[in-house]
Amino acid sequence: MEKRDLLRNLPAVEEVLKQVNIKDDSYTKSMKTEAVRESLDYFRNMILDSSDGNLEKIKIDNDEITIKVREILEKKYSLSLEKVINGTGTILHTNLGRSLLSESIKDEVWKIASGYSNLEYDLEKGKRGSRYIHVTKMIKLLFNVEDVLVVNNNAAAVLLVLSTFAKNKEAIVSRGELVEVGGAFRIPSVMSMSGAKLVEVGSTNKTRIEDYEEAITEETKLLMKVHTSNYKLIGFTENVPNNELNVLGKKYNIPVVEDLGSGVYFDLEKFGLKHEPTIAESIKSGIDIITFSGDKLLGGPQAGIIVGKKEYIDEMKKNQLLRALRVDKITLAALEATLKLYFDEEKAKDNIPTIRMLSYSIEELETRIKILLNKISNKNLDIEISIENEFSTIGGGSMPGEVIPSKVLVISTNKLSVSKLEEKLRLSKSHIIGRIKEDRYMLDIRTIQDDEFDIIANELESLFK
Ligand SMILES: *Cc1c(COP(=O)(O)O)cnc(C)c1O
């Protein structure tokens, strides 16, 4: 057949719509019509672009067209935000969504998300209430604090503190604590955005209490400590403990704030990790205001939690900026329900995915990886696969340099290079994200969830059978 005939034989849009089988209710008539038009364009271009010698190979029938139409519909209307499988071994992977919420809180969260609630309504009084009281109750029960305020994230929390107390005034920070967290958040930039003037004291590796005291002027309205959670200063270092800074703050009547970063509830030494200051320890040190993230080691939704003295929290509640940093009801519902899990420490460990992944023993990882390997091996696939010892990281700017022994599946195939294999799994329906180390592809069992074992085995089967 000649090009001309092939083109003439292409069906009309209306005809295709009648004949092809796209009885999928998730697409409207106009979506389907548009997709049919695009698929016919695709075949038309295919004919036009092919050389005369290749024309007889072109086969265009209803089945071919249906497949193309479906492909176009699926691609065009798929949701952009998709689930992926994290095989990287980085627990708090900010690019992959950081913390995973506990399965056990989903009913509570959905109830609030999908229905009316007392978000800003005082049920006792039958009048307007405050959205900020809900989490306050839980945090007060867990920690001994005077008051609480929750905002969009920890960056917002720091911004609110600085704007409330040190706008057009001075805030003193140690040079060793002028950190950048995850690219977008730099303490000096947040300070300038808040209108606070940054007064740097000490040196990168050593700052003493006298350095702070010498820098205090009439304009000083805040003493700030930043937990350098994403880098380590080792060797000849010295920084000022909270209690010394508190004494100084009291002497000059200046509030002291600590940006704790990760905000961990458990003493991580319990899990064989290096000690990280816990929320409770920081509160106990008597510091006036503490801020931390909801979705780092706390394992909740993205949020910035501010705890501290009531007089200071009250001042922040009056700041107009709070309106722009306002936390959503879904976040509040998820945060409150996550915090409630902490009343039973064993329950928290089992039910909060971040804590569970952090606390797996090497024996548990070994058992789990063998189950996964078995499921894959049973499929008799055209790949090489073995279990090896490796290391996971915490991520999310938490605990730099701290790695945890883990188990990985090293996967290879003589058909694909390591980078092609990585790409194939990443772009597969299940979006399996692995790690390449020393030109080897690996999946770390620590960050893979139990209900993902079958998905991985089936995906590998569809790709390598
Ligand atoms: C992570 C981090 C932040 C930013 O917190 P987000 O919740 O991501 O906004 C701020 N300060 C420190 C010290 C951090 O570690």
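Residues numbered from 1 in each chain as written. Predicted model: local features only at pLDDT ≥ 70, side-chain atom pairs only at ≥ 80, totals over all residues. Heavy atoms only, no water.

What is the right way to read a negative patch on the surface from this model?
Together, Asp344, Glu346, Asp350, Glu363 and Glu364 give the surface a local cluster of negative charge. At the level of elements, α15 (345-351) and α17 (362-377) are the ones that each hand at least two residues to the negative patch. With respect to the secondary-structure elements, Asp350 resides in helix α15. Its relative accessible area of 45% is what places Asp350 among the partly exposed residues. (Patch = residues over 30% accessible without salt bridge, like charges linked within 9 Å, V, L, I, M, F, W, Y side chains within 5 Å. Areas by Shrake-Rupley, 256 points an atom, 1.4 Å probe, with all protein chains shown as cover. Salt bridge = Lys/Arg side-chain N within 4 Å of Asp/Glu carboxyl O. Lys, Arg positive; Asp, Glu negative; His and termini not counted. Charge placed at Lys NZ, Arg CZ, Asp CG, Glu CD. Helix = DSSP H or I, 4+ residues; strand = E, 2+ residues; numbered from the N terminus. Buried < 20%, exposed > 50% of the residue type's maximum accessible area, 1.4 Å probe, protein only.)

Looking at this structure, I do not really get the pairing of strand β5 (residues 147-151). What am I missing?
Remember that side chains alternate between the two faces of the sheet whenever the strand is regular. In terms of residue burial, β5 counts as a mostly covered element, since five of its five residues are buried. The two faces of β5 match: Asp147, Leu149 and Val151 on one face and Val148 and Val150 on the other face are all buried. By the bridge criterion, five bridges tie β5 to strand β13 (residues 304-308) in an arrangement that is antiparallel. Bridging across to β13, Val148 finds its partner in Val307. (Pairing = 2+ DSSP bridges.)

Please clarify how the sheet that holds strand β6 (residues 170-174) should be interpreted in this entry.
Working definition: the strands of a sheet are paired by backbone hydrogen bonds and lie parallel or antiparallel to each other. Spatially, β5-β13-β12-β11-β10-β6-β9 is the arrangement adopted by the seven strands of the open sheet, whose pairing is mixed. Among the strands making up the open sheet, the edge pair consists of β5 and β9 (197-201). Across the sheet, the axes of successive neighbouring strands diverge by a mean angle of 25 degrees, strand direction being ignored. Bridging between strand β10 (residues 220-226) and strand β11 (residues 256-261) involves four bridges; their strand directions are parallel. Considered in β11, the bridge of Val226 is made with Asp259. Of the strands in this sheet, β5 and β13 are in contact with helix α6 (residues 133-142), which crosses β5 at around 130 degrees. (Axes fitted to C-alpha atoms, helices over the stretch in contact; angles between N-to-C directions. Contact = heavy atoms within 4.5 Å.)

Which parts of the structure should I look at to understand the pairing of strand β12 (residues 289-293)?
The element β12 is largely enclosed, with a buried count of five among its five residues. Residues Ile289, Thr291 and Ser293 point to one face of β12 and Ile290 and Phe292 to the other, with burial holding for every one of them. Note on the crossover from β11 through helix α11 (residues 279-284) to β12: the handedness is right-handed. Pairing of β12 with β13, which is carried by five bridges, proceeds in the antiparallel orientation. Among the inter-strand pairings, Phe292 is bridged to a residue of β13, identified as Ile305. (Right-handed = clockwise from strand over helix to strand, strands pointing away.)

Please explain the domain arrangement of the protein as it appears in this structure.
The assigned domain composition of the protein is domain 1 (3-75), domain 2 (85-93 + 356-464) and domain 3 (103-351). The C-alpha-based centres of domain 1 and domain 3 are spaced at 57 Å. (Domains from an automatic or database assignment.)

Is there a simple way to think about the side chain of Ser99 in this case?
By the secondary structure assignment, Ser99 is in the loop between β2 (90-92) and α5 (106-114). Overall, Ser99 belongs to the buried group, its relative accessible area being 11%. Here the side chain of Ser99 touches Asp295 through a polar contact of 3.0 Å, landing on its backbone oxygen. Separated by 3.1 Å, the side chain of Ser99 and the backbone oxygen of Lys296 make a polar contact. (Polar contact = N/O pair within 3.5 Å; in protein donor to acceptor, adjacent residues only side chain to side chain.)

What's the story with the packing of aromatic side chains in this structure? I'm lost.
Applying the stated criterion to the full structure yields eight aromatic pairs. Centroid distance Tyr265 to Phe266: 5.3 Å. Interplanar angle 85 degrees. Geometry classified as edge-to-face. Residue classification places Tyr265 among the buried positions, given a relative accessible area of 18%. Judged by its relative accessible area of 4%, Phe266 is buried. Ring centres of Phe266 and Tyr342 lie 5.8 Å apart, and the angle between their planes is 50 degrees; this geometry places the pair in the tilted category. (Phe/Tyr/Trp six-rings, centres within 6.5 Å; stacked < 30°, edge-to-face > 60°.)

Explanation requested: helix α18 (residues 418-427) in the structure shown.
In an α-helix, one turn spans 3.6 residues; hence positions three or four apart end up facing the same way. Within α18 the residues assigned to the buried category are Val418, Leu421, Glu422 and Leu425. Buried residues in α18, looked at end-on, bunch into an arc of 100 degrees, giving them a common side. (Arc of directions from axis to C-beta.)

Even after reading the chapter, I still don't get the environment of Asp107, so can you show me in this structure?
Take Asp107: it is sitting in helix α5. Taking relative accessible area as the criterion, Asp107 reaches 63% and is therefore assigned exposed.

Help me understand unusual backbone geometry in this model?
Leave glycine aside and you will find that most residues have negative phi; peptide bonds, for their part, are mostly trans. The phi torsion at Asn168 lies on the positive side, around 60 degrees, for a residue other than glycine. Tracing the chain through its elements places Asn168 in the loop between α7 (154-166) and β6. Using a relative accessible area of 61% as the deciding quantity, one classes Asn168 as exposed. One non-glycine residue, Glu438, adopts positive backbone phi at about 50 degrees.

Explain the packing of α18 against helix α19 (residues 453-464) to me, please; I cannot follow it from the model alone.
How two helices pack is summed up by the angle between their axes together with the distance between the axes. Across the interface, α18 lies against α19 with an axial gap of 11 Å and an inter-helix angle of 120 degrees. Taken together, the axes of α18 and α19 lie oblique to each other. Judged by the twist between their axes, the crossing of α18 over α19 is right-handed. Here α18 contributes Leu421, Lys424 and Leu425 to the contact with α19, which in turn contributes Leu460, Leu463 and Phe464. A breakdown of the residues in the contact of α18 with α19 according to their chemical character gives five nonpolar, no polar and one charged. (Parallel < 35°, antiparallel > 145°, perpendicular 65-115°, else oblique. Left-handed = near helix turned anticlockwise from the far one by under 90°. Nonpolar A, V, L, I, M, F, W, Y, C, P; charged D, E, K, R; others polar.)

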